[in-house]
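Listed here are the chains, written in short residue letters.
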Amino acid sequence: MGRVNGTALIIAALVVTVGALAFPVWSYADRSGTGEANLNAGSVATRWGPLSATDRDFLVKVRLAGLWEIPAGQQAVERAPSKAIKDAGDHLIVGHTDLDQRVRDVSSQLGVELPNQPSDQQQGWLRELTAATGETYQRKFANLLRVAHGKVFALVAQVRDTTRNSLVRQLASDANQTVLDHITMLEGTGYVDFDAIANGSAASSTASPTGPPAPGRDAPPAPAPAGPTGDVSGTSRPSPGPPGTVNTNRPEPQM
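Basis of the calculations
One numbering rule holds for all chains: residues counted from 1, following each sequence as written. Restriction of local features to residues with pLDDT of at least 70 applies here, the model being predicted, together with a cutoff of 80 or more for giving and counting side-chain atom pairs; totals for whole chains, interfaces and linings are based on all residues. To get the side-chain values, take all heavy atoms of the structure and skip hydrogens and water. Comment: elements are numbered from the N terminus, with helices defined as DSSP H or I runs of at least four residues and strands as E runs of at least two. For the exposure calls, accessible area comes from a 1.4 Å probe over protein chains only, and a residue counts as buried if that area is under 20% of its type's maximum, exposed if over 50%, partly exposed in between. Every residue pair with non-hydrogen atoms within 4.5 Å of one another is taken to be in contact. Exposure was quantified through the Shrake-Rupley algorithm and a 1.4 Å probe, taking into account, for residues, occlusion by the shown protein chains and nothing else. In summary, the pairing rule links any two rings of Phe, Tyr or Trp, Trp by its six-membered ring, whose centres are within 6.5 Å, and it sorts them by plane angle into stacked for under 30 degrees, edge-to-face for over 60 and tilted for everything else. pLDDT expresses, on a scale from 0 to 100, how confident the predictor is about each individual residue. Any pair of nitrogen or oxygen atoms within 3.5 Å is treated as a polar contact; in protein, a donor-acceptor pairing is required on top of that, and neighbouring residues in sequence qualify only through side-chain atoms on both sides. Only the stretch in contact is used when a helix axis is fitted, and all axes are lines through C-alpha atoms; the angle between N-to-C directions ranges over 0 to 180 degrees. Relative orientations are named as follows: roughly parallel for angles under 35 degrees, roughly antiparallel for angles over 145 degrees, roughly perpendicular for angles from 65 to 115 degrees, and oblique for any other angle. By the convention adopted, Pro, Cys, Tyr, Trp, Phe, Met, Ile, Leu, Val and Ala count as nonpolar, Lys, Arg, Asp and Glu as charged, and the other residues, Gly among them, as polar.

1. Some remarks on the overall build of the protein chain
- Helix and strand counts for the protein chain stand at 8 helices and 0 strands.
- The N-to-C order of helical and strand elements in the protein chain reads α-α-α-α-α-α-α-α.
- For the protein chain, the residues scored as buried account for 33% of the 255 residues in total.
- The contacts of the protein chain with a sequence gap of at least 6 include a subset with a gap of at least 24, amounting to 77%.
- Counting every atom, the protein chain has about 16,100 Å² of accessible surface; 57% of that belongs to carbon and sulfur.

This is the structure in C-alpha cells:
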C-alpha cells in the first residue's frame, strides 16, 4: 500500500511539474506585456475594424505633414530660383491638400482628434527655410523634406501592412502614392544628399549588413528573367502611375 501511494505521489508531482513548465508557453500570448497584449490594450473597436495606437499615430502624422509641407511648398513656388524646386513645391501643395482632406474625413469618422499646428520641430524647419536664401535655401528645402518623407514612408508601409481598420488601410495606400511622388520630385532637384541620408540611417541601426558578397572584378552571370511559363497574356497594368505624377483621382474613403 505504501509503495502504491509513493508511486501515485511521484506521478502527481511529475504532472504538476510538466503543467507548470507548459503553462507559460500556452498562456504567453495572453500575458500582459507581450506584443499582442499591448496591441489589444491600445486598440478600440470601430465599425471599420479595430483602431490601434499605431493607426491613430499615423493619422496624426499625416495631418502634421500637411500642416508644414503645404506652406513649405508654397514658399518654394514663390521663392525658389530654380524650376525643379518650384515643381517639387507644387507637388507638395497639391498632394498634401488632397491627403489632408482624406485624413480629416477618416479621422472624423473614427473620432480621432487631429492637431491644428505643426510640431515644434516642423515649425523650426519652416523657420530655417524662411531664413535661408539662394543655393542654401534650395539645399535645405530638398534635404529637410526628403529626410522627413523618408521617415514617414516607413510608417506608411508598417500601417499598410498591419492595420486591421479598412479606413486606415485605404488612407495608407493613398499616402504611399503621395509620399513616393514627393520623394521622387525632391530627388529630381539634384540637391538631395544621399550620403547624409544613408549615414543617418546607419547611425541609428544596430543590424549587421546582409545580402550577397561585395562584387569582385569579374561580372556575375546575368540572371534569367522572371515571368510566367507558357502562353499567358496579362491584361492588367502596373499601378499606380509613374512617380512624379500627381494622382488626385483616387477612390474616396469608404465611409
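2. Describing the environment of Leu 145
- In this structure, Leu 145 sits in helix α6 (residues 134-162).
- Classification of Leu 145 as buried rests on a relative accessible area of 0%.
- Each C-alpha atom, one on Leu 145 and one on His 182, is 8.8 Å from the other, the two residues being 37 residues apart in sequence.
- Setting aside its immediate chain neighbours within four residues, Leu 145 contacts Trp 68, Glu 69, Ala 72, Leu 92, Lys 140 and Leu 186.

3. Examining the packing of aromatic side chains
- With the rule as written, the count across this model stands at 2 aromatic pairs.
- The interplanar angle of 50° and the centroid separation of 5.0 Å between the aromatic rings of Trp 68 and Trp 125 together place this pair among those described as tilted. Here Trp 68, found in helix α3 (residues 53-79), pairs with Trp 125, found in helix α5 (residues 120-131); they are 57 residues apart in sequence, far enough to count as distant. For the pair shown, Trp 68 and Trp 125 are each scored as buried.

4. Concerning the confidence of the model for the protein chain
- Taken over all residues, the pLDDT of the protein chain has a mean of 83, while the share at 70 or more is 75%.
- Here helix α1 (residues 2-27) stands out as the element of the protein chain with the lowest mean pLDDT, 53, in contrast to α5, whose mean of 97 is the highest.
- Confidence drops under a pLDDT of 50 for residues 20-30, and excluding neighbours within four residues, the segment shows 4 contacts in the predicted structure.

5. Remarks on the environment of Asn 165
- Here Asn 165 lies in the loop between α6 and α7 (166-187).
- On a C-alpha basis, the gap between Asn 165 and Ala 45 in space is 9.3 Å, while along the polypeptide they are 120 residues apart.
- Not counting residues up to four positions away in its chain, the partners in contact with Asn 165 are Thr 46, Trp 48, Gly 49, Pro 50, Leu 51, Asp 55 and Leu 110.
- Side chain to side chain, Asn 165 and Thr 46 meet in a polar contact 3.1 Å long.
- Within polar-contact distance, the side chain of Asn 165 engages the backbone nitrogen of Val 168 at 3.2 Å.

6. Some thoughts on the packing of α3 against α5
- Here α3 crosses α5 at 5°, and the two axes come no closer than 10 Å. As far as their axial angle goes, α5 and α3 are roughly parallel. Across from Leu 64, Ala 65, Trp 68, Pro 71, Ala 72, Gln 75 and Arg 79 in α3, the residues of α5 making contact are Gln 122, Trp 125, Leu 126, Leu 129 and Thr 130.
- Of the residues belonging to the contact of α3 with α5, the class tally is 8 nonpolar, 3 polar and 1 charged.

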